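Read off the chains here:
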Amino acid sequence: GGGGGSASTDGGNTAAPAPATGKKVINIGLKADPPSMDPNSSTSLYDRQVYASLYDKLFDIDTDGKVVPMLAESYEVTPDGKTYTLKLKQGVKFHDGTDFDAEAVKFNFERNMTGEKSRRKGELKFVDSVSVVDAHTVKIQMKEPFAPFLSVLTDRSGIIVSPKAVQEHGEQYLNHPVGTGPFTFVEQVKGDHVTLKKNENYWNGTVKVDEVNYKVFTNGTAKVQNLRSGMLDIIDDTPVKEIPVVKGDGNLQLIAESGLGFQGIYLNNSRAPFDNKFLRQAVDRAIDREAIVKVLFNGYAAPAHTAFTKGSLAYNEQLNTPIAPNADEIKNLLAQGGKPDGFGFKLYITTSPENEQLGAVLQNMLKQYNINVTLEKLEYGQLIETGDKGEFDALQLGWSGRLDPDLNIHDWVVTGANNNNGRISIPQLDELILKARGELDEAKRKALYDEAAKLLQDEAGYAYMYHQYVLLGMNKKVTGFTFVPDGIVRTATLDKQ
Amino acid sequence: MTTILEVEQLRTRFRTDSGVVSVVDGVDFSIRAGETLGVVGESGCGKSVTSLSIMRLLPPNGSTGGTIRFNGKNVLDLSEKEMQGVRGNEIAMIFQEPMTSLNPLHTVGKQIEEAVMLHMNVSKAQAKERAIAMLKAVGMPRAEEIYGEFPHQLSGGMRQRVMIAMAMSCDPKLIIADEPTTALDVTIQAQILDLMRDLKEKTGTSIMLITHDLGVVAEMCDRVIVMYAGQVVEETDVDTLFESPKHPYTIGLMNSIPELDEEREYLETIPGAVPLPHQMPVGCRFAPRCTQAMPICHEKPPELLQLNGQKCRCWLYEDKGEEA
Amino acid sequence: MKTVRKFLRNGLGVIGAVIILGLIIVAIFAPQIAPFDPNAQDYNKILIAPDGEHYFGTDDLGRDIFSRVVYGARISIEAALISVGIAMLIGVPIGLLSGYYRGFWDEWVVMRSVDAMQAFPFLILALAISAVLGSGFGNAMLAIGIGFAPAFVRITRGQVLSLRNMEYIHAARSVGVKDARIIFRHILPNALNPIVIQATLAMASGIIAEASLSYLGLGVQPPTPSWGSMLNQAQTLMSVAPYATFYPGIAIFLVVLGFNLLGDGLQQVLDPRARK
Amino acid sequence: MMFVFRRLLLTIPILLLVSIMTFSLIHMIPGDPARVILGQEATPEAYQALRSELGLDQPIVVQYFSWLGKVIQGDLGISITDRVPVSQLIMQRLPATVELTIGTFLVAILIAFPAGILAAVRRGTWIDYTSTFTALGGMSIPSFWLAMMMIIFFAVNNQWLPSSGYVPFLENPTQNLLAMVLPCLATGLRESAVLMRMLRSSLLDVVSMDFIRTAKAKGLNEARTILGHALRNAMVPVVTTSGLMIAGLLGGLVITESIFSIPGFGRLIVESVFKRDYVTVQGAILVSAVLVVIVNLAVDILYAVIDPRIKAGKGAGE
Amino acid sequence: MTTPLLEVKGLQQHFPIKAGFLKRTTGHVKAVDGIDLTVYPGETLGIVGESGCGKSTTGRTILRLLEPTAGEVWFDGKDLAKLPKEEMRQMRKDLQMIFQDPYASLNPRMTIKQILLESLMVHNIGTKEERERTIEEIIQVVGLRKEHLNRHPHDFSGGQRQRIGIARALVVKPKLIIADEPVSALDVSIQSQVLNLLKDLKKEFNLTLMFISHDLSVVKHLCDRIAVMYLGRVVEIADKRMLFENPSHPYTRALLSAVPVAKPRQKRDRILLTGDLPSPANPPSGCTFHPRCPYATEMCKTQVPSLSDIGEGQLVSCHLVQSGEIFR
Ligand SMILES: Nc1ncnc2c1ncn2[C@@H]1O[C@H](COP(=O)(O)OP(=O)(O)OP(=O)(O)O)[C@@H](O)[C@H]1O
Ligand SMILES: Nc1ncnc2c1ncn2[C@@H]1O[C@H](COP(=O)(O)OP(=O)(O)OP(=O)(O)O)[C@@H](O)[C@H]1O
Ligand SMILES: [Mg+2]
Ligand SMILES: [Mg+2]
């Protein structure tokens, strides 16, 4: 390694803008365009990266994955779990100079709960009302206890934007975002970059860099090249194949940590062949997760057999450890399922090269047991729609993950839930998960999830395969970085030598 | 009269897909100062190739042998640069198709001027003056206007006048006119031939007039060579040609043309067709079509014989003449 | 026969024909030529650089790139033939009828549609069509075929327009031959040369287009080894395994070159304009 | 200028057809834009709400005409997914593509002209064969593969040139130009091959014409014959090809733009197709069609400059 | 007099000139502008005139290869100009054409046999065997051999091709043949072969022929009556002998005098016309010949002369000749 050192000495294209203006600029490479600067309507992971610079949330996640107050000073919950009282930080101002206060919080909640274009309604559906107690206290009344609530507030639903800006720009707010975060909005060129500049009056410590640029690089190799050449300081996602390059470069470091999400296969429980539990099991058991992790990710992913990752409250190492495929067992399952000579099904995947490889590997693995997989690529939007309509045998789609266990499982497996594309319907499972959702005691909650996970594994309703890693690539000149399990880069503390 | 052009044993070959073909094969003739030499023959007999060989303007797959002596020097020995000094200056050409022989994108005036500037060492203004004068000389009405017009604005006859003006513009000693009126209507042809005759009388240039129309030959030429399949088969002055043609081909040619002022029930014909360049007969090239062919005709090619002022390539006259 | 001999003398065209012949042979005998099953994954042999066993190395799933390239020839040939076949099937009849009958339909419907279709950037058009049809080899072919069709309409129509004024067409009409027979017996055979040339050249573009669509993720279904999809996958390996990008690309290059050379050679021999 | 005006009128039906084709094509693509926008987090109510907000619940013809009505007033609409005026999106993306197109075109001309002229003049010699073969080779390289190879060689292995990192010219000219080198070369080489062959064959056609013989018979040397007489006559097909090329590049640099991470116009269209942002796709394709039309118009005007016969209505190019 | 086989009355063929990009019709090329002709059975009518005067267009319009703009074409009791398409197609059996360019008038992709058979086939003439026999006969009639039948046009020389073209016209035994410059593309030695063949055939089959040419000597050699055309109109029609002995229209005279004669030293009074043939898109007013006519008067500029008999069936379209002012 280290041979690539010439890159950083190549002044020609190394962060050329910085010396020219004497500004400290951090350039962050994103895999895709962040579509919306308005958390109210956002649905993209890439938005969330930018929000970390632009906005603050009521709560945040710390490095251990614990929920900690951010714009909230402190909070209280009534024992029935139905009333939350939040004390807010004082002296915080939005970028437009207006005050952050209880009214603003109420405004944001209401906008998220009732706004016509709000994509936050689902997350906040258990909130009944929000009332201002005093200028820095709000009270939130829940319809029923909802354990993941605070965790929800560590994300987009917890972001407080400037009510004034919203009123001023209306529909166009997403192009004129105003938050309380460490950086203020300068411009966005769709598909290319978002530029933010230092918030001189940041409430939470001095911001050390003058400017943050989020640049879109759809091509992974190019992104890594730019990291090496110094054009980028941080990249959100290092392609697995490029990891050796990053690691081999003395100026760079790789931050590889397990993320919160999972990837797996929806098996359509509502129609043949996967209305047959044994056939589902056969497929589930035939997937060699270790091999997938090794071959496709070079070890930079974790085998999965549940929806929960390390750091999650519901994580159970034993349950999550996949069982190596056993030919006899699978044969048996096939026989039980009435297909002793094997069977075939169609698996929908997305069009990305990585996904194609995954498909090819799965195909190869299942073939040994006479399970013939026909692959069909669908473009992402179509894939989602196909999943929604339930017109498939099997479909590969995972989840980027949230901290609270409920947000990783409820929608996927509860009868009729939003993302339950596999049409899983196990009354007992539904019961367990709904119960866990209202359970505020962590230990009891975990026990419920363990039971649910076991049940789900036995039913093989959804074939979990692996937990993806967060693979940040970073120039060693960047300091002040701390990793938070949601994989989002907090820029407030960053500096550059 | 002095001889200005003397062509001896001219041989032109082309590299083609079916091998090397000899298209002009041992052609001899000469042109004297102030005379008009007619070159007649059917399509494909090598008339144009002969003229292009003289100008050294053959396409890249062609090569020329023999001597072409112009004003005493062998044209084939000149460097390309020297040759450029000859073209347009001492020998000028007029081509068959007035439609396509002018550059459609340049004005008529510019195209004449270009030749003048190239050879006459004059200023641009003088060149323009000369160009206009030439246009007037070829009988163009509105010469000043025509100077600035593009070829497509002119009719065929006018374009041919422009070509003539261009050819005459540097006072060449020889003008090679390759079927200058074939593409024109008879009434226009009459105008152009008239013009050429006039100009020749005024300037005394020699003209090599290529044509397949015996009528044109009769009207224009002093002497004539008749070509067949790349060879000269007969050479004579114009009167003799029409009064007592010698070569069976010439005779056949003359009798196969219907005439306006005489009535014939049947035309004479020459059976068969011209041989292809790569399938030339061994003996006399005309023998397969000749009604008077003798055994020797099919075996040995005849030489061009001298018969008191008339030349003829035919075994029939072997005893009567001497070799040219 | 003369044409054949003439073509044989056209060196570059012959090279093109030889390349394509070679490709066809490789495609037919792929199972005999390829040392490995193109889809067999060997996780112990991931990303092995080219050596004596794996001539072109292995890819990130441990598949033998050489074998995949060999099998890819099949897809390429099919891509070339099918896409151009579709384009001709659509374009040639429309061009024939439109050019022969002229009039309102020709001027305002057919030609304006052709104009409109050609106003789309080709790849975008193919992309949109294949997005409509869904991914997959057949649909990609249909998309490319539809995308190429306007070119065939144009070239056929152009031919018809020049041929319909030929004396032998007038002759046929004056003899009393019916329109359909004139179109198919007299015009079509004589319009064929430029169409064949265009078809050959279009095959070259067809292969590139298939590769481009595959590159954008809309090509054949995995694990079918198509050169385009191999490149698509190999692009993630650019810095670790450049050879994985190299060989499929070279294969595409060679075949496209083959078709281009052949098309060029045919043009020299068949196109009267270039014949001079 | 009546000529230009009529020419413009003629493009109206084409533009209409283009818009209809785009509209129907995008609407035929399976996958509902609302679904795509909402992603995995959609509730059925949110989905319905978004559909009606986007006007997707209206009959398709109504949607088309309401869009068209706005377009006629110069309003390309608001992007479904980005919520910005489509015109703004396009304006943000065009500069990079225009620059790339110009660069590509320059590369193409700089190679094609000398090579094409030389090959035509030295027809049948090794120069001709070499350049013809090279050109056919150039045409045969998939440009995205060439791009990859160039990245591997110039950027990954040697780091001589950046493989990406477009910045607007005004922001940082050096870096902008450096970043443009590889993309322009990668596409330009292929285009130069096309152009060179065109120029060669067109020149050969012209060189065999009678008036070239006339020019030579006047005593002009080869250089003056070719440059003074042949070249301009040979330009008509070359101008056509160049026009088509420029028009094609403006919307068709999709792959180059994505390999080199250039925020260009082609990528905007592709991204929008994938996002089902049909308002943007329609707007962008309409703009690209208009560009094609403008380029064609420019080509036609150029013809008239090159060839005096055109103005007289005796089309030379037909 | 016998009844005419073909009677053309007021035939017009105006080609629209489409200009601009909207292809609007901005004018008309009046290629044929009101022609009257009669052809009697067994005769050969020659049509001469300079390039572009509308000879070919006349021929093609009579055969409805071009749809006439106006006028009547009476043939066999029917007005061809108004015949429905299919009836016209069947009618073509009786009306055949020989074309100018022997290289362009035979489909290069068909064998001679196919070309000849096609004529018979489309009109359902004879059985298969009869057809074969017919074409074997006809190919010999035009001086070729049976072996030639299976060859393609490119295996033949120009003269041979023209023989094939003639065979194609003859094979259906038409009542009228229109020959459009059938020899002008041929070399003189070949031209005479074809002319002789035509003359033979005329006798043998008692052909009725309309022979179009720009070559006066050829027309004179072959034809019985001759029509001289100028700018889309017939300016003079007369019996051959009459026309050459007593050409009456000034244009006819100029034309005759312009033909170079293969008699050196023979000095002739040549009438040199000034200027070129005007464009048929914009023909001069009155008598279209007046701008070039040495005798033109004021009347010629304004009044269109009509074709009228000046005796012995000689029809001339000239005010001055008709009024006896010149050449009478
Ligand atoms: N570039 C060439 N390559 C091969 N053969 C050629 C070439 N140019 C001319 N020829 C052949 O040379 C022969 C003589 O041609 P040339 O043009 O001199 O005939 P011509 O007597 O001028 O006929 P025409 O009356 O038709 O003009 C022809 O058979 C022709 O095919
Ligand atoms: N299809 C057409 N469209 C427009 N104009 C035409 C068409 N056909 C012929 N013309 C014009 O009509 C006029 C007469 O043409 P035509 O071919 O009948 O003349 P021609 O007497 O046969 O001449 P040539 O001796 O050259 O064959 C010419 O000016 C010609 O340009
Ligand atoms: Mg010639
Ligand atoms: Mg004609």
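It should be emphasised that the depicted structure is a prediction, and the values quoted were computed from it without experimental measurement. (Residues numbered from 1 in each chain as written. Chains lettered and ligands numbered in written order. Predicted model: local features only at pLDDT ≥ 70, side-chain atom pairs only at ≥ 80, totals over all residues. Heavy atoms only, no water.)

Residue and element names in this part refer to chain E. Close contact between helix H3 (residues 112-122) and helix H4 (residues 128-141) brings their axes to 10 Å; oriented N to C, the two are set at 120°. By the angle between their axes, H3 is oblique relative to H4. Note on packing geometry: the crossing formed by H3 with H4 is right-handed. In this structure, H3 uses Ile 112, Lys 113, Leu 116, Leu 117, Leu 120 and Met 121 to contact H4, whose residues at the interface are Arg 131, Glu 132, Thr 134, Ile 135, Ile 138 and Ile 139. Split into classes, the residues belonging to the contact of H3 with H4 amount to eight nonpolar, one polar and three charged. (Axes fitted to C-alpha atoms, helices over the stretch in contact; angles between N-to-C directions. Helix = DSSP H or I, 4+ residues; strand = E, 2+ residues; numbered from the N terminus. Parallel < 35°, antiparallel > 145°, perpendicular 65-115°, else oblique. Left-handed = near helix turned anticlockwise from the far one by under 90°. Contact = heavy atoms within 4.5 Å. Nonpolar A, V, L, I, M, F, W, Y, C, P; charged D, E, K, R; others polar.)

Enumeration over the complete set of coordinates arrives at 82 salt bridges over all chains. Residue D:Arg197 pairs with C:Asp264 through a salt bridge whose shortest N-O separation is 2.8 Å. With D:Arg197 in helix H8 (residues 173-207) and C:Asp264 in helix H11 (residues 242-270), this residue pair bridges two chains. Assigned by exposure class, D:Arg197 and C:Asp264 land together as buried. Connected via shared salt-bridge partners are B:Arg32, B:Glu35, B:Arg223, B:Glu235 and B:Lys311. (Salt bridge = Lys/Arg side-chain N within 4 Å of Asp/Glu carboxyl O. Buried < 20%, exposed > 50% of the residue type's maximum accessible area, 1.4 Å probe, protein only.)

To continue, consider the interface of chain B and chain E. Counting residues at the interface gives 43 residues for chain B, matched by 40 residues for chain E. Of the roughly 3,500 Å² buried at the junction of chain B and chain E (both faces included), carbon and sulfur atoms supply 53%. Of all residues in chain B, the largest losses of buried area upon contact with chain E belong to B:Thr187, B:Leu260 and B:Tyr266, amounting jointly to 19% of the total for that side. Applying the counting criterion to the chain B and chain E interface returns zero salt bridges. For the pair chain B and chain E, the number of links is 11 residue pairs in polar contact (both at pLDDT 80 or more). Elements that contribute at least two residues to the side of chain B that touches chain E include exactly helix H6 (156-168), helix H7 (186-203), helix H8 (214-220) and helix H9 (238-243) of chain B. No other element matches the eight residues that H7(B) contributes to the side of chain B that touches chain E. For the side of chain B that touches chain E, the residue count by class is 18 nonpolar, 10 polar and 15 charged. (Buried area = accessible area lost by both parts, 1.4 Å probe. Polar contact = N/O pair within 3.5 Å; in protein donor to acceptor, adjacent residues only side chain to side chain.)

Another aspect to go through is the packing of helix H6 (residues 122-133) of chain C against helix H9 (residues 179-215) of chain C. Residue and element names in this part refer to chain C. Across the interface, H6 lies against H9 with an axial gap of 11 Å and an inter-helix angle of 60°. Between H6 and H9, the crossing angle belongs to the class labelled oblique. At the point where H6 passes H9, the crossing takes the right-handed sense. Taking contact as the criterion, the partners of Phe 122, Leu 123, Ala 126, Leu 127 and Ser 130 in H6 are, on H9, Ala 209, Ser 212 and Leu 213. Residue classes in the contact of H6 with H9 are distributed as six nonpolar, two polar and no charged.

Take the pairing of strand S6 (residues 95-98) of chain E next. Where a strand is regular, its side chains alternate between the two sheet faces. Residue and element names in this part refer to chain E. Burial of the side chains of S6 extends over both faces: Leu 95 and Met 97 are buried on one face and Gln 96 and Ile 98 on the other. As judged from the four bridges shared by S6 and strand S7 (residues 176-180), these two strands associate in the parallel manner. From the neighbouring strand, Ile 98 faces S7, where its bridge partner is Ala 179. (Pairing = 2+ DSSP bridges.)

This brings us to unusual backbone geometry. Most peptide bonds take the trans form, and the phi angle of most residues other than glycine is negative. Look at the link from A:Ala272 to A:Pro273: it is a cis peptide, with omega at 0°. Its identity is not glycine, yet A:Arg423 carries a phi of approximately 55°, on the positive side. Along the chain, A:Arg423 falls in the loop between helix H15 (405-413) and helix H16 (427-438). By relative accessible area, which is 30% here, A:Arg423 ends up partly exposed. Even without being a glycine, E:Asn206 presents a positive backbone phi close to 50°. When you line up the elements, E:Asn206 lands in the loop between helix H6 (188-205) and strand S8 (209-212).

Another point: the sheet that holds strand S12 (residues 315-316) of chain E. The strands making up a sheet are joined through hydrogen bonds of the backbone, oriented either antiparallel or parallel. Residue and element names in this part refer to chain E. Strand order in the open sheet made by the eight strands is S6-S7-S8-S3-S9-S10-S12-S11, with mixed pairing throughout. With partners counted over all chains shown, the strands left at the sheet margins are S6 and strand S11 (308-309), one partner each. On the sheet, helix H5 (residues 158-170) packs against S6 and S7 and is oriented at approximately 175° with respect to S6.

Turning our attention to helix H6 (residues 126-140) of chain D. End to end, H6(D) covers 21 Å across 15 residues, agreeing with the expected 21 Å (1.5 Å per residue, within 8%). Along H6(D), the residues that are buried comprise D:Asp128, D:Ser131, D:Thr132, D:Ala135, D:Leu136, D:Gly137, D:Gly138, D:Met139 and D:Ser140. Packed against the buried residues of H6(D) are helix H2 (11-28), H9 and H11 of chain C together with helix H5 (86-121) and H8 of chain D. (Expected span 1.5 Å × (residues − 1).)

Okay, helix H4 (residues 102-114) of chain A next. For H4(A), spanning 13 residues, the distance from its first C-alpha to its last is 18 Å, which sits close to the expected 18 Å at 1.5 Å a residue. Elements that come into contact with the buried residues of H4(A) comprise strand S5 (83-88), strand S6 (127-134), strand S7 (137-142), helix H5 (149-152) and helix H6 (163-169) of chain A.

Residue and element names in this part refer to chain B. The strand order across the open sheet built from four strands is S2-S1-S4-S5, with neighbouring strands paired in antiparallel fashion. Each edge of the open sheet carries a strand with a single partner, namely strand S2 (19-32) and strand S5 (73-74). The pairing of strand S1 (residues 3-16) with S2 spans 11 bridges and is classified as antiparallel. In the sheet register, Arg 15 faces S2, and the bridge partner there is Val 20.

Attention shifts here to the packing of aromatic side chains. Any two aromatic rings considered together are summarised by their centre-to-centre distance and by the angle between their planes. Under the definition given, this model contains 38 aromatic pairs over all chains. Ring centres 5.3 Å apart and planes at 70° place the aromatic pair A:Tyr51 and A:Tyr55 in the edge-to-face group. For A:Tyr51, a relative accessible area of 3% translates into the label buried. Owing to a relative accessible area of 1%, A:Tyr55 belongs among the buried residues under this scheme. Aromatic pair E:Tyr251 and E:Phe289: ring centres 5.3 Å apart, planes at 70°, arrangement edge-to-face. With E:Tyr251 in helix H9 (residues 250-258) and E:Phe289 in the loop between H9 and helix H10 (298-302), the pair connects residues that are 38 residues apart, well separated along the chain. By the ring-pair criterion, three or more aromatic residues cluster together here, those being A:Phe262, A:Tyr266, A:Phe392, A:Trp399, A:Trp412, A:Tyr462 and A:Tyr464. Directly above the aromatic system of C:Trp108 lies the positively charged group of C:Arg112, at a separation of 5.6 Å from the ring centroid. (Phe/Tyr/Trp six-rings, centres within 6.5 Å; stacked < 30°, edge-to-face > 60°. Lys NZ or Arg CZ within 6 Å of the ring centre and 35° of its normal.)

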